[in-house]
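Listed below are the residues making up each chain.
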Amino acid sequence: MYRYDQFDQHFVDERVAQFRDQTQRYIDGGLSHADFLHLRLRNGLYIQRLAPMLRIAVPYGTLASRQLRMLAHIARHYDKGYGHLSTRTNMQFNWPDLAEVPDILADLATVQMHAIQTSGNCIRNVTADQFAGVAADEVVDGRPYCELIRQWSTAHPEFDWLPRKFKIAVNGAARDRAAVDIHDIGLEARRTSDGIVFDVKVGGGLGRTPILGSLIRESLPDIHLLTYLEAILRVYNRYGRRDNKHKARIKILVRAVSPDIFRDQVDAEWAHSKDGPTTLTREEIDRAIAAFTPPQYPALESQPASLASARLADPEFSRWVATNVAPHKQSGYAIVTLSTKVTGVPPGDVTDVQMDAVADWADRFGFGEIRISHEQNFVLPDVPQRDLYEVWKLARAHRLASSNRGKLTDIICCPGGDYCSLANAKSIPIAEAIQRRFDDVDYLNDLGEINLNISGCMNACGHHHVGHIGILGVDKKGEEWYQISLGGNAGRDASLAEIIGPSFSRADVPDVIEQILDVYVEHRADGERFLDCYRRVGIDPFKERVYANAH
Amino acid sequence: MPTLIKDGRVVVDDWKLVETVTDGRVEPRTIVPAAYAVSNAPQLFSQTSEVGVWLPGDGEPDDIAPLLDRVPLVAIRFGAVNDGRGLSLAVLLRTRFGFKGELRAFGEVLEDVMNYMRRCGFDSYQLPDGHDPEVALRAMRSLSDFYQGSVIEPRPAFRRVARGR
């Protein structure tokens, strides 16, 4: 993985000192509340419902074991012993003391981490496929380009004060695990005879106005990536709306002028900077790519007999292998998803003990690397297949072995009204109620792949628009209600969910989900996934069932 | 009286910025609205050559292009601390329109943003009342090097620093 050079280290060290100075000025009264807000946001610090919340960047979701141990230390020393994996593959701490935040950032800098631009109206953490570099279906490892974008976007002189937040994702595999269609800019890397190129989509996003991104350039050669991004950002910075924060994302601008006109504006801007000094050099691209050189994998037997016999002997393990283990590009190895989705634990919450344990497993059963997925799980990218049983037993002892990756109970969920001051409704208790209702593993396996996403408000941090089943918390005269939508998808064939009808009380949500699942089971063809079934039969049968009593 | 910081020092501001020109008379070293200067150029520049213009962050550089080789100062107003449009405007004036004179930021200028402004081509800053210029000068120095190219250093770090060490 990428290691800081002297330049990177010097930058984050100075940034820590700068924020320490800003925090002190705020505490001393020299910096107003309103002015400090802009500065703390750009260093990941929110003031939330109960306490400050610090969001630490995990660039493109890749962590070294020593970095995860540092996060465990921060959880233990500065917080209440746990952290939260966000849908932007970051780590959030909910209980830091404002005066201690500069110390936390200084600790992070010792392991080449930071919280720069994890909030505020600026370019946020760039995300990638959580299986980048190891996935069997990968064409291009997007992470070197994510790192180049990270550096280019960090304290950019022109683009740190945008109309609204700005999210970029890079995918380079046959499947789209990075959800590029719902990003302000989504980049699809491809390999051609002329080298690596990008298809550029712009103006996707969720929130109040969910829109899938529009393709505005095909086959952009990698050396032009930064100048082209700069052209997009300049058009957005100048012409994105600033009068209404709900209409300030780039998607609104792209839709208002049309993707074709927007592309023309970007091209006109790009004509001035193309081939200019910001053009990437082959040497710099090679440096980034070299940082992600695959490790020297010792040759291992593929599908060893011990694995097969362990699966035969232990059906629970076998089930976990079927759901949580993905194919690795290297023979004899596997990609393991450690699910944080345990009934009774808020999705994405992990304790300091769990973090330390995962860091140890990454060293023992891999090359010291861990990933965070946007589904809020940990991933061990390089587990020898012969060690899977051992990893599973250890993970089970630490409650990280739920066999539910991609299943109904692998719920994506924002912190909701329990923590977030923006939320209209709680989301964590909804997730828990659903996990309690549907706790039969055979039933869950029979249902197959179903993504259920919950957001506590229109900001859609829980990605409810792209859940096969989406749940949105809404406020109705001071009461928390829940709107349900169906048919969303964040993958390769992305789609936005359709609202099924009037919202439901919290107590009714598990019953409604059960009715929806019943309709699916009744209508599905052999082996048909929920999403495919929904797309075939449409929303009406679902609607008729859940509102049957209302007629 | 707002403090003026120019070229990294606190200096006396000998320009006067006016919101509007009412009687058609403009004293030397006055910063007038750009729109006024565009529509009254012959009359304005016959009175004095020492005229500056100001425009808001969402102003179009094309509109003032004919004036740029005649005015020694362009001031850009920041309507809000978090409104970055003035930064892009400054970049365009410096790089695409070749403006070489003084480029001044005024309005909601936060000391911690001045380093961004500097890299977008500003060279003077009117600090609002109640802001300590010493803090501002310190804030401008808090980060000493940057990844990207900028107006004042077009080469990104990877073109001028040995990376990877």
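Position numbers for residues start from 1 in each chain and track the written sequence from start to end. Lettering of chains starts at A and numbering of ligands starts at 1, both following the order in which they are written. At least 70 in pLDDT is required for a residue's local features to be given in this predicted model, at least 80 for side-chain atom pairs to be given and counted, and no such filter applies to totals for whole chains, interfaces and linings, which use all residues.

### Side note on the overall build of chain B
Each helix is a run of H or I in the DSSP string that is no shorter than four residues. Each strand is a run of E no shorter than two, and both are numbered from the N terminus. A count of helical and extended segments in chain B gives 7 helices and 8 strands. Throughout, the radius of gyration refers to the C-alpha atoms, and the reference size of a globule is 2.2 Å times the residue count to the power 0.38. The globule rule puts the C-alpha radius of gyration for 165 residues at 15 Å, and the 17 Å found for chain B is close to it. Once the C-alpha set of chain B is aligned to its principal axes, its extents read approximately 60 × 35 × 25 Å. Any residue whose C-beta has 12 or fewer other C-beta atoms within 10 Å is treated as exposed, any with 20 or more as buried, and any in between as partly exposed, C-beta atoms being built from the backbone. Within the span of chain B, comprising 165 residues, buried residues form 43% of the whole. For every residue pair, C-beta atoms are placed from the backbone, and the pair is scored as a contact if these atoms sit within 7 Å. Restricting the contact set of chain B to residue pairs at least 6 apart, pairs at least 24 apart contribute 51%.

### Side note on the packing of helix α1 (residues 6-28) of chain A against helix α4 (residues 101-109) of chain A
Residues and elements named next belong to chain A. For every element, the axis is a line fit to its C-alpha atoms; helices are fit only across the contacting stretch, and the angle between N-to-C directions ranges from 0 to 180 degrees. Axis separation between α1 and α4 bottoms out at 9 Å; the angle between their running directions is 175 degrees. On the basis of the axis angle, α1 is roughly antiparallel to α4. Residue-level inspection shows V12, D13, V16, F19, R20 and T23 of α1 in contact with α4, the latter providing V101, P102, L105, A106 and A109. An angle counts as roughly parallel when it lies under 35 degrees, as roughly antiparallel when it exceeds 145, as roughly perpendicular when it falls between 65 and 115, and as oblique in every other case.

### Notes on the confidence of the model for chain B
What pLDDT conveys is the predictor's confidence in a given residue, as a value from 0 to 100. On average, residues of chain B score 95 in pLDDT, and 99% of them reach the 70 mark or higher. Predicted as a complex, the structure gets a pTM of 0.93 and an ipTM equal to 0.97.

### Considering the interface of chain B and chain A
Interfaces are often described in size by the accessible area the parts lose on coming together. In this complex, chain B contributes 35 residues to the contact, which on the side of chain A involves 37 residues. Put simply, the parts of the chain that give the side of chain B that touches chain A at least two residues each are α4 (85-95), α5 (114-119) and α7 (157-160) of chain B. With 4 residues, α4 of chain B is the largest single contributor of residues to the side of chain B that touches chain A. We call Asp, Glu, Lys and Arg charged. Ala, Val, Leu, Ile, Met, Phe, Trp, Tyr, Cys and Pro are nonpolar, and the rest, Gly among them, are polar. For the side of chain B that touches chain A, the class distribution of residues is 15 nonpolar, 9 polar and 11 charged.

### Description of the sheet that holds strand β7 (residues 168-171) of chain A
All names here are of chain A. Strands sit in the order β6-β7-β8-β9-β10 across an open sheet of 5 strands; the sheet is mixed. Every interior strand has two partners, whereas the edge strands, β6 (127-128) and β10 (214-221), have only one. The pairing of β6 with β7 spans 2 bridges and is parallel. Bridging from a neighbouring strand, A128 pairs with V170 of β7. The criterion for strand pairing is that DSSP finds at least two bridges linking the strands in question.

### A look at unusual backbone geometry
Residue and element names in this part refer to chain A. In the Ramachandran plot, A155 falls in the positive-phi region, its phi being about 55 degrees despite a non-glycine side chain. Looking at where A155 falls in the secondary structure, it is placed in the loop between α5 (143-153) and β7. The phi dihedral of S219 is positive, around 55 degrees, even though this residue is not glycine. Position of S219 among the secondary structure elements: in strand β10.

### Description of the domain arrangement of chain A
Residues and elements named next belong to chain A. Annotation comment: domain bounds sourced from an automatic or database domain assignment. Under the domain assignment used here, chain A contains domain 1 (6-109), domain 2 (137-291) and domain 3 (412-550). For domain 1 versus domain 2, the distance between C-alpha centres works out to 26 Å. Looking at the side of domain 1 that touches domain 2, its residues break down into 2 nonpolar, 1 polar and 1 charged.

### Considerations on the nonpolar core
Nonpolar core, as used here: buried Ala, Val, Leu, Ile, Met, Phe, Trp, Tyr and Cys residues forming one set through C-beta atoms within 7 Å. I232, V358 and L380 of chain A together with V53 of chain B are the most contacted members of the largest nonpolar core, which has 205 residues in total. A total of 9 residues in this core trace back to one element, the largest contributor, which is helix α6 (residues 225-239) of chain A.

### Topic: the pairing of strand β12 (residues 333-338) of chain A
Residue and element names in this part refer to chain A. For β12, the tally of buried residues reaches 6 of 6 residues, placing the bulk of the element in the interior. The alternating pattern of β12 places Y333, I335 and T337 on one face and A334, V336 and L338 on the opposite face, and all of these are buried. Pairing analysis gives 3 bridges linking strand β11 (residues 325-327) to β12, with the strands arranged antiparallel. Following the sheet pairing, P327 is matched in β12 by A334.

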